[in-house]
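Understanding the architecture of this molecule
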Amino acid sequence: MDRSWSSLDPLLTKNSARHGAFRSDLEKLKDTVSTIKAVLLDAEEKQASDHRLNHWLGKLRDVLHDAENVLDEFNYRVLLKEVMKKYGSTSKKVRDFFSSSNPLASRFKLAHKIKDVRKRVDDIAADKDKDDDKRKIIHLLMQQDSGRNVSVIPIIGIGGLGKTTIAKLVYRDEGVVSYFELRMWVCISEDFDVTRLIKEILKSAIGSIDENLGVDQLQIRLREFLKEKKFLLVLDDVWNEDRNKWIELEALLLGAGGCNGSKIIVKTRNDLVANIMGTTPTYKLDGLSQEECLSLFVKFAFKEGEEKQHPNLLEIGKEIVRKCIGVPLAVRTLASLLYSKVDEKEWKHVRDNEIWNLEQKEGGILPALQLSYNQLSFQLKQCFAYCSLFPKDYDFINLHLIQHWMAHGILQSPVNENQELEDVGEFYIKKLLSRSFFQDFNEIETSMMYTFKVHDLVHDLALSIAKGECSVVTKQSSVAPNVCHLTFSDNGQEVTTQLEKLSKVRTVIFQTEQPVSLVEARISRFKYLCVVDFTKSSFKEFPSSIGTLKHLRLLNLSKNRIIKLLPNSICKLHSLQTLLLDRCDNLERLLKGIRNMINLRDGWVPPLSSNIDC
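Residues numbered from 1 in each chain as written. Predicted model: local features only at pLDDT ≥ 70, side-chain atom pairs only at ≥ 80, totals over all residues. Heavy atoms only, no water.

1. So, the nonpolar core
The biggest cluster of nonpolar side chains holds 82 residues, and the ones touching the most others in it are Phe 297, Leu 334, Leu 401 and Trp 405. Residue contributions to this core peak at seven residues, all from helix α15 (residues 328-338). Non-local contacts of Trp 405, meaning those with residues more than four positions away in its chain, are made with Cys 383, Tyr 386, Ile 410, Leu 411, Gly 425, Tyr 428, Ile 429 and Leu 432. Listed in part, the 37 residues of the second largest apolar core include Val 505, Phe 526, Leu 557 and Cys 584. (Core = buried A, V, L, I, M, F, W, Y, C linked by side-chain atoms within 4.5 Å. Buried < 20%, exposed > 50% of the residue type's maximum accessible area, 1.4 Å probe, protein only. Helix = DSSP H or I, 4+ residues; strand = E, 2+ residues; numbered from the N terminus. Contact = heavy atoms within 4.5 Å.)

Written as structure tokens, this is what we have:
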């Protein structure tokens, strides 16, 4: 049954500045409903003879009903508001729904429903596009290998083809979930340290482990969890070309006693890696056809049907698409860059840019990303580069990243007196999302926060841009003398030696457990620190020298489950904006002098346990 939502239009036009993002989501949902109907109509003849298409269309119809229900709910609220105007309100809630004094209320709940529906549509669309690859890989997983308990299946393709998307579809498939007793997913990247990888595999299997366990203890734990289980392990983004390192890890996995039929999927861009690790033929992903690329480009570059009004731009778009060599991420990035732009010169600038002539390992994707990056504002470039401090496949949380940006003063001051810096940061995240620098958004239930990721290739771009300013410190790394922002993924003397000549450091993020003596040394050396992040640390007492950091604006001690007291010196941190103490379960009390920390932003000190005496 067809429905009409014409009564939404007056309200969507009115107060558009106030409800801009909400209005945009509603318009997109209306477009989505129209598109789904067109797809269903077009597919009716094919449905009877194609069982996979039949199943896919069933999911699409289901989400269509939910989308129509959401729009109906909003339409009802619009009509109720009209009744209120004519005859007086019988419910204060109706008035509050559209009130500027209560901008979150029901509108937030409805916005959540809209985004949920649109995400389901995106997932269903991705499922169809990748269905053939998914089916073939699942078939490989279900095959028995009479010669080995554990088989290794390499999936290879250049960056941006969708290896991760396909692997996740396979990993979450109901048949795969029921076939394997245990599933694990570990992001490898360049650091193929066997001890670290065993820890990450165990974390994926059981949630958390003691970081201080030695290799022998880790091996025992691995056997405990893998013995006599049919398991699936995905090793994501593997670059290691050292066969000896793989043999060492493989021996530990084979020796753990998993059941026959266990499988390891290796995702890589490197043929040599696939040859070293694979025990089955390599599964190679192909790029999209030119027709598929153009369809994707149109979806992201134009509003629905708008391409027909600009045939000149569409022709230029076809030439841009050819340069993307079938890589979806390249297509999506450039299409997003050109969205809502109708000046032919801007389109030709992208098509004819000399950056396409640079030699690139990843074909068309890196020039596409660089072109999009070049169009960002100065502030957005800084914000994006800062993301290089976090590891690949990291789950960013919007509020936490914004707090980091705020601490370094890289957010532009609000132009509207009703705006806060957090609103500016939120706008920056949405802007980077619209350019395909961020992806995989997932809302966190019962909160206004959400997570998102950075694609591996986009992360590579951030690393190349931030080189010299930002650095991830390992035992093997080399740190530039003028580096300002550091992430520690290792500890030990090799790491300490690299830091002796540094004096301008403003950020330290610790991803591994650090001895108190090293923490003390780094605090005393780095006088200009603005951000100190000790998430998941295990200090019983925090070093009192923290109080000497006059520039410190963000201190994160979250998830330290043994710390009981904070040092009095923390109260000297008058510049501190953000103090994160959530899940510090044993913290007994806050300091009375905390009132002296006059720069703390309202609401940024999370609630602690009820036994705390302030």
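Next comes the rest of the account.
2. Things to note about α15
For α15, the tally of buried residues reaches 10 of 11 residues, placing the bulk of the element in the interior. Turning to α15, its buried residues are Pro 328, Leu 329, Ala 330, Val 331, Thr 333, Leu 334, Ala 335, Ser 336, Leu 337 and Leu 338. Next to the buried residues of α15 lie α13 (290-301), α14 (311-323), α16 (344-352), α17 (365-374), α20 (421-434) and α21 (456-466). The positive-phi residue at the C-terminal boundary of α15 is Ser 340, with phi of around 70°.

3. Some thoughts on the pattern of salt bridges
It is possible for side chains of opposite charge to pair when their charged atoms get near one another. Across all of its chains, the model carries 23 salt bridges by this definition. Ionic pairing is found between Asp 440 and Lys 168, a salt bridge with its closest N-O pair at 3.6 Å. Note that Asp 440 is positioned in strand β7 (residues 439-443) and Lys 168 in helix α7 (residues 163-172), a separation of 272 residues in sequence. A salt bridge links Arg 561 to Asp 585; the nearest nitrogen and oxygen atoms lie 2.7 Å apart. Taken together, the residues span a long stretch of sequence, with Arg 561 in the loop between β13 (554-556) and β14 (578-580) and Asp 585 in the segment after β14 at a distance of 24 residues. The partly exposed category is assigned to Arg 561, whose relative accessible area is 44%. Sharing partners across several salt bridges, the network here consists of Asp 237, Arg 269, Lys 392 and Asp 460. (Salt bridge = Lys/Arg side-chain N within 4 Å of Asp/Glu carboxyl O.)

4. Quick look at the sheet that holds strand β4 (residues 262-268)
Here we have five strands laid out as an open sheet, ordered β2-β3-β4-β1-β5, and parallel in their pairing. Only two strands of the sheet have a single partner each, and these edge strands are β2 (182-189) and β5 (283-284). For strand β3 (residues 231-238) and β4, the ladder comprises four bridges, and the chain directions are parallel. If you follow Leu 232 over to β4, its bridge partner there is Lys 263. (Pairing = 2+ DSSP bridges.)

5. Quick notes on the sheet that holds β14
Reading across from one edge, β9-β10-β11-β12-β13-β14 is the order of the six strands in this open sheet, with parallel pairing throughout. Looking at which strands have only one partner, the edges of the open sheet turn out to be β9 (470-473) and β14. Taking each pair of neighbouring strands and ignoring which way they run, the sheet shows an average axis angle of 10°. Taken together, the three bridges between strand β11 (residues 507-510) and strand β12 (residues 531-533) define a ladder with parallel strand orientation. Looking across to β12, one finds that Thr 507 is bridged to Val 531. (Axes fitted to C-alpha atoms, helices over the stretch in contact; angles between N-to-C directions.)

6. Notes on the packing of aromatic side chains
Where two aromatic rings form a pair, the distance of their centres and the angle of their planes describe that pair. For the coordinates displayed, the defined rule picks out 20 aromatic pairs. Geometrically, the ring pair formed by Tyr 450 and Phe 452 is tilted, given 6.2 Å between the ring centres and 45° between the ring planes. Each member of the pair, Tyr 450 together with Phe 452, is buried. Counting every residue linked through ring pairs, the aromatic cluster contains Tyr 386, Phe 390, Tyr 394, Phe 396, Phe 438, Phe 441, Tyr 450 and Phe 452. The ring of Tyr 171 carries the charged tip of Arg 183 above its face, separated from the ring centre by 4.5 Å. Above the ring of Tyr 179, the side-chain terminus of Lys 230 is found at 4.0 Å from the ring centroid. (Phe/Tyr/Trp six-rings, centres within 6.5 Å; stacked < 30°, edge-to-face > 60°. Lys NZ or Arg CZ within 6 Å of the ring centre and 35° of its normal.)

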